[in-house]
Amino acid sequence: MSQSYKVNVNKTFDFDITSKEISMLDVIEISQNYFHVLQENSSYTCEIIASDFNSKTYKVKINNNSYNINIFNDLDILIKDMGFEVGASKKVNDIKAPMPGLILDINVKVGQEVKEDDALLVLEAMKMENVLTSPRDGIIKSISVNKGDAVEKNQLLIEFGA
């Protein structure tokens, strides 16, 4: 059984391609990122301009025309059909203690604007200092703890505003 893929070009055109069809392509690598392709008696010069293997996105130049290509396998399609999307925007509205511990430091104030990965506070747990960072850009709506407080697992620490 051959694997099938959905290919989207320039967010406009969709194609279904099987691994069998891919293996039947007449492709010769000219140099790194440059290829010569024969398809249905037509000759094409192809260059891979950019690629992101993890997100399966590519920018390809074929006969001097550029195309943005996204490739989806069966698992990608199933995940999307279930309502999940890889890289979907994070909408975390609060930070809870991941474990019991002691608040050593609070690096933000109510109303402060923070960026994703900014240090919010330091939680000491099991003799280790853990820096809790912001999961998204936002504004601090409230801080439910003070420096020196002991906290329990899942206790609310910080809430984000809009």
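Residues numbered from 1 in each chain as written. Predicted model: local features only at pLDDT ≥ 70, side-chain atom pairs only at ≥ 80, totals over all residues. Heavy atoms only, no water.

Asks: Sorry, what's going on with the sheet that holds strand E3 (residues 26–31) here?
Replies: In sheet architecture, strand pairing relies on hydrogen bonds along the backbone and comes in two forms, parallel and antiparallel. Reading across from one edge, E2-E1-E7-E6-E5-E4-E3 is the order of the seven strands in this open sheet, with antiparallel pairing throughout. Strands with a single pairing partner mark the edges of an open sheet, and in this sheet they are strand E2 (13–18) and E3. Each strand of the sheet is rotated relative to its neighbour by a mean of 30°, with strand direction disregarded. Here strand E1 (residues 4–9) pairs with strand E7 (residues 65–72) via four bridges, running antiparallel. Looking across to E7, one finds that Val-7 is bridged to Ile-71. (Pairing = 2+ DSSP bridges. Helix = DSSP H or I, 4+ residues; strand = E, 2+ residues; numbered from the N terminus. Axes fitted to C-alpha atoms, helices over the stretch in contact; angles between N-to-C directions.)

Asks: I keep staring at the environment of Glu-116 and nothing clicks. Help me out?
Replies: Examined against the element boundaries, Glu-116 turns out to sit in the loop between strand E10 (113–114) and strand E11 (119–125). Looking at Glu-116, the relative accessible area reads 36%, which means it is partly exposed. Spatially, the C-alpha atoms of Glu-116 and Ser-134 are 5.1 Å apart, while their sequence positions differ by 18 residues. (Buried < 20%, exposed > 50% of the residue type's maximum accessible area, 1.4 Å probe, protein only.)

Asks: Looking at this structure, I do not really get the pattern of salt bridges. What am I missing?
Replies: Between side chains of opposite charge, pairing is possible as soon as their charged atoms come close. If you walk through the whole model with that rule in mind, you get two salt bridges. Here Asp-16 and Lys-6 are joined by a salt bridge, their closest N and O atoms 2.7 Å apart. With Asp-16 in strand E2 and Lys-6 in strand E1, this pair connects stretches of sequence that are ten residues apart. We note a salt bridge from Lys-115 to Glu-113, for which the minimum N-O separation is 3.8 Å. (Salt bridge = Lys/Arg side-chain N within 4 Å of Asp/Glu carboxyl O.)

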